[in-house]
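Working through the structure, step by step
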Amino acid sequence: MPWRDELAAQHEARKRDQLWRRRSVVSGPQSVEVSVDGQQFVNFCSNDYLGLANHPDVIAAAVAAIRQRGTGSGASHLICGHSDDHQQVEHQIAEFIGAEKAILFSTGYMANLAIPQTFLGHDDMILLDRLNHASLIDGGRYCEAKMKRYAHCDSDAVEKLLGDSEARRTLVSTDGVFSMDGTVAPVKKLKTICDQHDSVLVVDDAHGFGVMGDCGKGTLEDAQLNAAGNVLMVGTLGKSAGSFGAFVAGDAIYIETLIQFARTYIYTTALPPSVVAATGAAIKIIASQPERQEKLNANIAQFRSAIMDSDLQLCDSSTPIQPILFGSAEATIQASEFLKRNGVWVSAIRPPTVPVGSARLRITLSSDHTSQQIAKLTGLLTSDEMNKIAIIS
Ligand SMILES: Cc1ncc(COP(=O)(O)O)c(C=O)c1O
């Protein structure tokens, strides 16, 4: 079949299965109220959990950095792209989360490719939670080690795989907070198992950094652990920090190895200094304004108590990610469109992002949502119209 016809057939199949993706065009800043394709919505699909993407201090830091340093970093970190902003924010991150050292990556995706590629070879193994983010799975796919997946949050399965393994070294890799489910990984148990088997635990805390733990340091803090010893933490900066990029934090020996050998660190342009300055300002706010986390937790509690007694399949999540399962892609789209008609934006998450038969509305809450906005959402979710959609799914 000619190449173009093959692609067209692929598109048709995706459309037929209700899986065709469209990009909504957002105007104005990222906020709990957004203008999409010219219409106003209350936004419940952003990962800007603490409302920092449009915070005046974060904007001011980015603008000041642009004025002082221009727009681009000019080169990769090992050439001349590593500015004093990068150096300072790496120290700031390490200090905030209590790690020996941190390294900035241009994206979380790149950080998650870097770790297995750098630390694992042919005789090694990587274990991944079945519901891990695509970037962690791709990290496992593109490295030389043998990759195995274990059932979601099943630490017994990890123990068995490690016990049966003849691999030279093993890395266990998990989301901290699972991006499409809101569940929290059993990091304490995983760490104990990794200790017993001389393995390294990688916690990708893209959705936990800034919001989990007493001080917002993330899932490790929540479990009274540190990014130290055999634990490495990945944090992304485009979510609760409202900025862009990512970091890996842990003992200096690991971070130095990444600087020396990580291909997705070495062979790419460093983040622009303005983005790094924005991150620095955002982390200052996270560290000094626990009231944002408190408000977020109050919003989560309001949302859950309003939905809990309905017939909707609300996932068991204490985090800002509050998915409602519909199962079929068609019903999930109908639910999302019903909300949109009523001025509320919640994205429909469908396969292949989630397993077939588990399409869902992924509701994300922010500390900036008002109680009235949450009441509007829960009112629509528990309405008769929504009930009808849920029943046919
Ligand atoms: C769990 C998780 N890890 C990594 C990433 C990738 O991070 P980035 O957007 O910085 O590439 C994401 C989402 O973007 C994510 O949800």
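Criteria and cut-off values
- Residues numbered from 1 in each chain as written.
- Predicted model: local features only at pLDDT ≥ 70, side-chain atom pairs only at ≥ 80, totals over all residues.
- Near = placed C-beta within 6 Å.
- Helix = DSSP H or I, 4+ residues; strand = E, 2+ residues; numbered from the N terminus.
- Nonpolar A, V, L, I, M, F, W, Y, C, P; charged D, E, K, R; others polar.
- Buried ≥ 20, exposed ≤ 12 C-beta atoms within 10 Å, placed from the backbone.
- Arc of directions from axis to C-beta.
- Contact = placed C-beta atoms within 7 Å.
- Pairing = 2+ DSSP bridges.
- Axes fitted to C-alpha atoms, helices over the stretch in contact; angles between N-to-C directions.
- Domains from an automatic or database assignment.
- Core = buried A, V, L, I, M, F, W, Y, C linked by C-beta atoms within 7 Å.
- Parallel < 35°, antiparallel > 145°, perpendicular 65-115°, else oblique.
- Left-handed = near helix turned anticlockwise from the far one by under 90°.

1. Comments concerning the site of the ligand
Around the ligand there are 14 residues in total, and Thr107, Gly108, Tyr109, His133 and Ala206 lie nearest to it. Of the residues forming the shell around the ligand, the biggest block, 3 residues, is contributed by helix H5 (residues 108–119). Residue composition of the shell around the ligand, grouped by class: 3 nonpolar, 9 polar and 2 charged.

2. What about helix H10 (residues 252–261)?
Looking only at H10, the buried set comprises Tyr254, Ile255 and Leu258. Summarising the axial view, the buried residues of H10 lie within an arc of 95°, below the 170-degree limit, and thus occupy one face. Set apart from the buried face of H10 by more than 90 degrees, the exposed residues are Ala252, Ile253 and Gln260. On the buried face of H10, the contacting elements are strand E4 (101–105), H5, strand E9 (231–236), strand E10 (246–250) and helix H11 (263–266).

3. Let's talk about the sheet that holds strand E15 (residues 359–364)
The strand order E11-E12-E15-E14 describes an open sheet built from 4 strands, whose pairing is antiparallel. This sheet does not close on itself; its edge strands, each paired only once, are strand E11 (313–314) and strand E14 (347–349). With 3 bridges joining them, E14 and E15 adopt antiparallel strand pairing. Looking at the pairing, Ile349 lines up with Arg360 of E15. On top of the sheet, helix H14 (residues 329–341) reaches strand E12 (321–327), E14 and E15; it is set at about 35° to E15, its chief contact.

4. Some details on the sheet that holds strand E8 (residues 200–204)
Taken in spatial order, the 7 strands line up as E4-E10-E9-E8-E7-E5-E6 in an open sheet, and their pairing is mixed. At either end of the open sheet lies a strand with only one pairing partner, and these are E4 and strand E6 (146–150). Neighbour-to-neighbour, the strand axes of this sheet turn through a mean angle of 20°, independent of strand direction. Bridge count between strand E5 (residues 125–129) and strand E7 (residues 170–175): 4 bridges; the pairing is parallel. Counterpart to Met125 in the pairing with E7 is Thr170. Helix-sheet contacts for H5 involve E4, E5, E7, E8, E9 and E10, and the interaxial angle to E9 is about 155°. In the packing of helix H7 (residues 155–164) onto the sheet, the strands contacted are E5, E6 and E7, and the crossing angle to E6 comes to about 150°.

5. Structural notes on the domain arrangement of the chain
You can read the domains of the chain as domain 1 (26–54 + 290–392) and domain 2 (71–288). One C-alpha centre belongs to domain 1, the other to domain 2, and the line joining them spans 27 Å. Residue-level contacts link 20 residues of domain 1 with 18 residues of domain 2. Within the residue set of the side of domain 1 that touches domain 2, elements represented by two or more residues are helix H13 (290–307) and E12. In terms of residue count, E12 provides more of the side of domain 1 that touches domain 2 than any other element does, 3 residues in total.

6. Examining unusual backbone geometry
Residue Pro352 follows Pro351 across a cis peptide bond; omega there is 10°. Structurally, Pro352 can be placed in the loop between E14 and E15. For Asp198, which is not glycine, the phi dihedral falls at a positive 50°. The backbone phi angle of Gln224 is positive, close to 55°, even though this residue is not glycine. Relative to the elements of secondary structure, Gln224 occurs in the loop between helix H9 (219–222) and E9. Given 10 C-beta atoms within a 10 Å radius, Gln224 is considered exposed.

7. Concerning the pairing of strand E3 (residues 39–43)
Of the strand pairs in this sheet, strand E2 (residues 33–36) and E3 are connected by 4 bridges, and their pairing is antiparallel. Bridging across to E3, Ser35 finds its partner in Gln40. Hairpin connection of E2 to E3: 2 residues between the antiparallel strands, including Asp37 at a positive phi of 50°. Looking at chain direction, E3 and strand E13 (residues 344–345) are connected through 2 bridges and run parallel. Among the inter-strand pairings, Val42 is bridged to a residue of E13, identified as Val344.

8. Thoughts on the nonpolar core
Counting residues in each nonpolar core, the largest one holds 111 residues, and the members touching the most others are Met233, Val248 and Ala249. No other element matches helix H12 (residues 273–288), which puts 8 residues into this core. Each of domain 1 (26–54 + 290–392) and domain 2 (71–288) contributes no fewer than three residues to this core.

9. Considerations on the packing of H13 against helix H15 (residues 371–381)
In the contact formed by H13 and H15, the axes pass within 10 Å of each other and the chain directions differ by 25°. Judged on the interaxial angle alone, H15 and H13 are roughly parallel. When the axes of H13 and H15 are compared, the crossing they make is right-handed. Residue-level inspection shows Asn299, Gln302, Phe303, Ala306 and Ile307 of H13 in contact with H15, the latter providing Ser371, Ile374, Thr378 and Leu381. Within the contact of H13 with H15, the residues separate by chemical class into 5 nonpolar, 4 polar and no charged.

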